[in-house]
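Residue-level structural notes
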Amino acid sequence: RLSWALALVCLQEAAEDDALEKKRKAEALTKENQSAGGVLGQAAGVAEGQNEKEGNAQGEEMPNKSDDKDLPQESFEAFLSENESWITKVLADAVAYSKVATSRDKDWVQSVIDGTSGHKKDKKESPVQLKLSAEFNENLWPALRTRGWKEESDKSGKKVYTYKGNSVKSISAVLDATPRFHPELAKMVSSLISSVHATFTPSEDPHPASSMDIDKMTLKSLKLFLLDCAPLQLLADRKTGNRLSLNKRTLSQLKYCHSLHAMISSADSNLPSDASIEERNNMLAKLIKINPKVGLPHPQWTALHDAILIRASAKHGWPDKSTSAMAIANDKEIKWGAPFEATEKAKTEEKEDEDDSQDDAKFQAEFDQLHNIASRAATFLKPLSATFSDCIPAADLNEISERLIASYALRQDSVDEDSSDATEWKVREKKLKALLKPKKNKKQDECEELPPRKKLLKRARKLVLVFMGKDGGFEDDKDDAPSGNQDVEVAPDHGFCVLDQADRNNVLLVEMIRGNLKVKQGTKAQQMKDYTTLIFEEIDQRIKDLSSEGSDAQIEGLERIRKNVQLYFEHSRKSPRAAKNVLRVMLGKDPVHPKAATDSLFPVEKIEKAEKTAQAKQKRKKIFTPADAALNRALASLKDDNEDEIAQCLLLTSTEILMLTVLSSQGVPVFDAKNWSSLVSNELAIIEDDFRIYFFAMAGIMEAAADVWLKIAEKKLQSKVEIFNNSGDMSDTAKNKLTNEIAVLEKDRDAKQLSKEDAVTY
């Protein structure tokens with residue numbers, strides 16, 4: 001009963017919370033639109049409120065916006081449709097219970113929920129209760145009283161029954177306790193219960209409990225049903241401060257868990273009942289059809305691990321909480337297999353792997369280089385946590401540390417209490433060699449740990465979504481291991497050096513740059529400088545290590561990285577977004593576009609003095625040619641009736657100005673004596689010579705330009721007219737000025753209209 005009640009209460013409250021959230025967003029959007037509209041928007045809001053008041057004063061019924069859409073019911077129907085696969089079974093159990101339950105007094109239930117009453121008041125007892133009380137007092141109570149039972153009252157005045165220090169508060173509780181204390185009265189108790197039960201039939205109940213029609217259920221009918229049939233403890237809990245968390249997230253978890261059990265049932269239905277767990281997991285793995293391009297929680301993760309994860313989540317609960325994830329990880333009955341557990345084959349081949357290990361000169365050189373980088377990573381961890389903990393978020397700081405520790409086999413050694421160093425990181429050489437050249441099978445004591453809870457949760461969610469027929473998703477987390485069949489998409493480098501993150505030697509440099517990318521705004525300049533200095537030192541050390549090997553290509557790449565980091569550091573204060581885009585591209589990410597269209601995507605490097613002087617001179621040059629200036633003055637004269645200004649410019653019509661503007665932009669059509677007909681022929685719409693301009697094509701350009709001119713003129717005129725129509729509080733002087741502007745724009749619009757008509761005829 002409590003199970004289906006919890007699920008239905010969760011459905012109800014999720015719909016109510018969703019409707020409330022939608023309402024708040026709508027109200028916030030309305031306020032934002034009013035504030036964005038300025039004075040006119042506020043005036044419109046005041047006018048609307050005034051109209052509502054006037055309508056109410058005249059007795060007119062104003063339409064209520066909240067009645068247009070029943071948001072709670074809409075949300076309820078949406079959630080009901082989304083969770084129909086499992087909610088139908090819950091409703092069936094609830095309806096089955098309602099058929100044998102009696103109706104409750106709604107006022108009394110509400111008082112219990114509000115905490116104002118703990119028992120029924122002024123309510124008549126049912127015939128069953130009267131019959132039970134009469135039979136008990138007449139037949140059983142005399143026998144109990146002779147055996148030491150007493151009827152007393154507690155501090156609140158309620159009747160209680162006591163026996164040898166034990167107290168019960170109801171006749172039903174006395175009937176339950178009597179056979180334990182007095183076995184000889186067991187038959188009498190059974191006879192009393194049978195006698196009372198014989199007098200009760202469900203059809204005689206004048207007030208049956210509320211029931212529901214699953215096909216016509218609404219949010220209101222669900223509330224009434226829960227008041228009648230849900231446990232009172234649950235209803236009272238919904239009014240307490242520390243109530244159970246039942247929301248949309250819980251509803252999603254129920255849907256996911258139902259899908260998990262459905263997947264398991266589908267796989268097990270194809271096997272006999274005595275099939276082993278290995279056979280069941282293999283069958284479940286065959287049913288999993290997930291896109292191979294989706295990232296994996298671990299590089300060696302397989303479909304068999306997916307099947308084990310599904311069964312583990314169905315057993316211990318959805319792994320969104322640490323308790324469920326810990327229960328899954330600590331369950332010894334769950335056999336994950338390699339690489340998280342040593343297989344029997346790995347144990348037998350352990351000695352063979354040790355004999356096959358090679359230690360040639362090439363491997364030793366690679367190991368020495370990696371060991372040097374690992375030692376610098378161990379040194380970097382100390383200032384990372386001590387000096388830069390306040391300028392890098394704690395979550396990112398821990399993530400960077402974990403990657404360095406895992407990539408370079410670092411461990412924290414215990415130091416003496418008198419030592420000045422609180423912590424000291426060391427390189428585990430044996431583990432580092434295993435990372436550089438892993439064995440075919442890991443030893444039993446070197447098995448890898450399960451992926452963290454976040455990755456397991458993400459994988460389980462993808463599996464469930466695929467089973468439900470929804471997209472499994474291609475949005476891979478930055479920590480997801482790429483699938484073996486996944487095509488690596490290379491992000492554009494925008495002219496910067498992109499680090500190869502698959503190379504373990506680059507991990508330290510990658511994490512240093514990642515930390516620089518995560519630096520908070522407002523970090524002190526000295527801290528920024530100190531952190532960037534560590535990056536430069538690492539680059540210098542890498543170049544020094546590679547110089548002895550003669551790796552010119554890698555050294556050249558590191559030099560480019562130095563320049564990119566230097567460019568970031570120089571612009572990190574003036575334009576932090578553009579500067580950080582350099583680091584994002586270096587890490588293989590897309591740059592973040594600037595807020596303003598005029599801002600650059602990346603910082604601009606410093607320009608040499610001579611080049612800067614040349615650019616300054618170029619800016620001081622006139623932007624327009626004399627022809628452009630003359631046409632602009634002639635165009636402006638069409639709007640103005642000032643004879644003095646007209647006398648100072650070319651006396652041209654609007655069509656002539658349009659034609660000259662197009663000619664100055666496109667060029668003058670050529671005249672070829674050998675092929676003069678092509679200049680005027682309308683049939684030669686497509687000319688093979690791309691560098692020759694003909695009159696027919698020029699006429700089309702002129703018509704398009706005329707249309708653009710007309711639209712711009714109409715838009716300007718419409719804008720001014722709208723301002724004039726809303727100029728109720730405007731002064732007379734401002735209105736007159738606006739009227740003159742509208743008259744000028746109307747004249748300009750008419751001229752542009754004539755130009756378009758002429759252009760069409762051409």
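Residues numbered from 1 in each chain as written. Predicted model: local features only at pLDDT ≥ 70, side-chain atom pairs only at ≥ 80, totals over all residues. Heavy atoms only, no water.

Things to note about the overall build of the protein chain
Within the protein chain one finds 31 helices and five strands. Looking at the protein chain as a whole, 34% of its 762 residues qualify as buried. Long-range contacts, defined here as pairs at least 24 residues apart, represent 67% of the contacts in the protein chain between residues at least 6 apart. Carbon and sulfur atoms form 52% of the exposed surface of the protein chain, whose accessible area is close to 48000 Å². (Helix = DSSP H or I, 4+ residues; strand = E, 2+ residues; numbered from the N terminus. Buried < 20%, exposed > 50% of the residue type's maximum accessible area, 1.4 Å probe, protein only. Contact = heavy atoms within 4.5 Å. Areas by Shrake-Rupley, 256 points an atom, 1.4 Å probe, with all protein chains shown as cover.)

Notes on the nonpolar core
Judged by nonpolar contacts, the single largest core of 51 residues is most densely connected at Tyr408, Ile513 and Ile561. Contributions of two or more residues to this core are made by α18 (361-386), α19 (394-407), α22 (507-517), α23 (525-547), α24 (552-571) and α25 (576-586). Sorting elements by how many residues they give to this core places α18 first, with nine residues. Sequence-distant contacts of Tyr408, that is, excluding residues within four places in its chain, are made with Leu370, Ile373, Ala374, Ala377, Val427, Leu432, Arg504, Asn505, Asn506, Val507 and Leu508. Of all hydrophobic cores here, the second largest spans 33 residues; its members include Ala5, Leu11, Phe76 and Leu235. (Core = buried A, V, L, I, M, F, W, Y, C linked by side-chain atoms within 4.5 Å.)

Comments concerning the packing of α18 against α23
Look at α18 against α23: their axes get within 11 Å of each other, and the N-to-C directions meet at 170°. With respect to their mutual orientation, α18 and α23 come out roughly antiparallel. Residue-level contacts link Gln369, Asn372, Ile373, Arg376, Phe380 and Leu384 of α18 to Tyr531, Leu534, Glu538, Gln541, Arg542, Asp545 and Leu546 of α23. Among the residues making up the contact of α18 with α23, the classes are represented as six nonpolar, three polar and four charged. (Axes fitted to C-alpha atoms, helices over the stretch in contact; angles between N-to-C directions. Parallel < 35°, antiparallel > 145°, perpendicular 65-115°, else oblique. Nonpolar A, V, L, I, M, F, W, Y, C, P; charged D, E, K, R; others polar.)

Focus on the environment of Met326
In this structure, Met326 sits in helix α15 (residues 322-330). Linking Met326 and His316, residues ten residues apart in sequence, is a C-alpha distance of 9.3 Å.

Quick look at the environment of Lys433
In this fold, Lys433 is placed in helix α20 (residues 429-436). Relative accessible area serves as the criterion here: at 33%, Lys433 is assigned to the partly exposed category. With residues near it in sequence (within four places) discarded, Lys433 still touches Phe363 and Phe367.

Considerations on unusual backbone geometry
Trans is the common state for peptide bonds, and a negative phi is the common state for residues other than glycine. A positive phi angle, near 50°, is found at Lys164, a position not held by glycine. Structurally, Lys164 is set in the loop between β2 (159-163) and β3 (166-168). Look at Lys164 and you get exposed, because its relative accessible area is 69%. At Ala409, a position not held by glycine, the phi torsion is positive, near 50°. If you trace the backbone, Ala409 turns up in the loop between α19 and β4 (410-413).

Thoughts on the pattern of salt bridges
Two side chains with opposite charge may pair up if their charged atoms get near one another. Scanning the model with the defined rule gives 27 salt bridges in all. A salt bridge links Arg403 to Glu511; its shortest N-O distance comes to 3.6 Å. Separated by 108 residues along the polypeptide, Arg403 in helix α19 and Glu511 in helix α22 bring together distant segments of the chain. With relative accessibility at 3%, the residue Glu511 sits in the buried group. A salt bridge links Arg562 to Asp540; the nearest nitrogen and oxygen atoms lie 2.6 Å apart. Of this pair, Arg562 sits in helix α24 while Asp540 sits in helix α23, and the two are 22 residues apart along the sequence. Residue classification places Arg562 among the partly exposed residues on the basis of a relative accessible area of 25%. On the accessibility criterion, Asp540 (35% relative accessible area) is partly exposed. Several salt bridges converge on common partners, so that one network encompasses Asp18, Glu21, Lys22, Lys25 and Lys248. (Salt bridge = Lys/Arg side-chain N within 4 Å of Asp/Glu carboxyl O.)

Concerning the sheet that holds β3
Taken in spatial order, the three strands line up as β1-β2-β3 in an open sheet, and their pairing is antiparallel. Of all the strands in the sheet, the pair left with one neighbour each is β1 (150-153) and β3. With direction set aside, neighbouring strand axes in the sheet form an average angle of 35°. By the bridge criterion, four bridges tie β1 to β2 in an arrangement that is antiparallel. (Pairing = 2+ DSSP bridges.)

Some words on the packing of α18 against α19
Running from N to C, α18 and α19 cross one another at 170°; their axes reach a closest spacing of 11 Å. Our classification of the angle between α18 and α19 gives roughly antiparallel. Facing Phe380, Leu381, Leu384 and Ser385 of α18, the residues of α19 in contact are Leu397, Ile400, Ser401, Leu404 and Ile405. Tallied by class, the residues present in the contact of α18 with α19 amount to seven nonpolar, two polar and no charged.

Here's the deal with the confidence of the model for the protein chain
Taken as a whole, the protein chain shows an average pLDDT of 75; of its residues, 73% reach a score of 70 or greater. For the protein chain, per-element mean pLDDT is lowest for helix α3 (residues 65-68), which scores 45, and highest for helix α14 (residues 303-316), which scores 89. Below pLDDT 50 for its whole length, residues 118-123 participates in five contacts with residues either more than four positions away or in separate chains. (pLDDT = per-residue confidence, 0-100.)

Quick look at the side chain of Thr532
Here Thr532 shows up in helix α23. By relative accessible area, which is 1% here, Thr532 ends up buried. The residues touching Thr532, leaving out its near neighbours within four places in the chain, are Asn516, Val565 and Phe569.

Observations concerning the packing of aromatic side chains
All told, the structure shown has 14 aromatic pairs when counted by the stated rule. An angle of 85° between the planes, with centres 5.0 Å apart, marks the rings of Phe388 and Tyr531 as edge-to-face. You can see Phe388 sitting in the loop between α18 and α19 and its partner Tyr531 sitting in helix α23, a full 143 residues away along the chain. In terms of burial, Phe388 and Tyr531 fall into one category: buried. (Phe/Tyr/Trp six-rings, centres within 6.5 Å; stacked < 30°, edge-to-face > 60°.)

What to know about the pairing of β2
Of all five residues in β2, four are buried, a share of seventy percent or more. Between β1 and β2, which pair antiparallel in sequence order, lie five residues; one of them, Gly157, sits at a positive phi of approximately 90°. Summarising the sheet, β2 and β3 pair through three bridges and their orientation is antiparallel. Bridging from a neighbouring strand, Thr162 pairs with Ser167 of β3.

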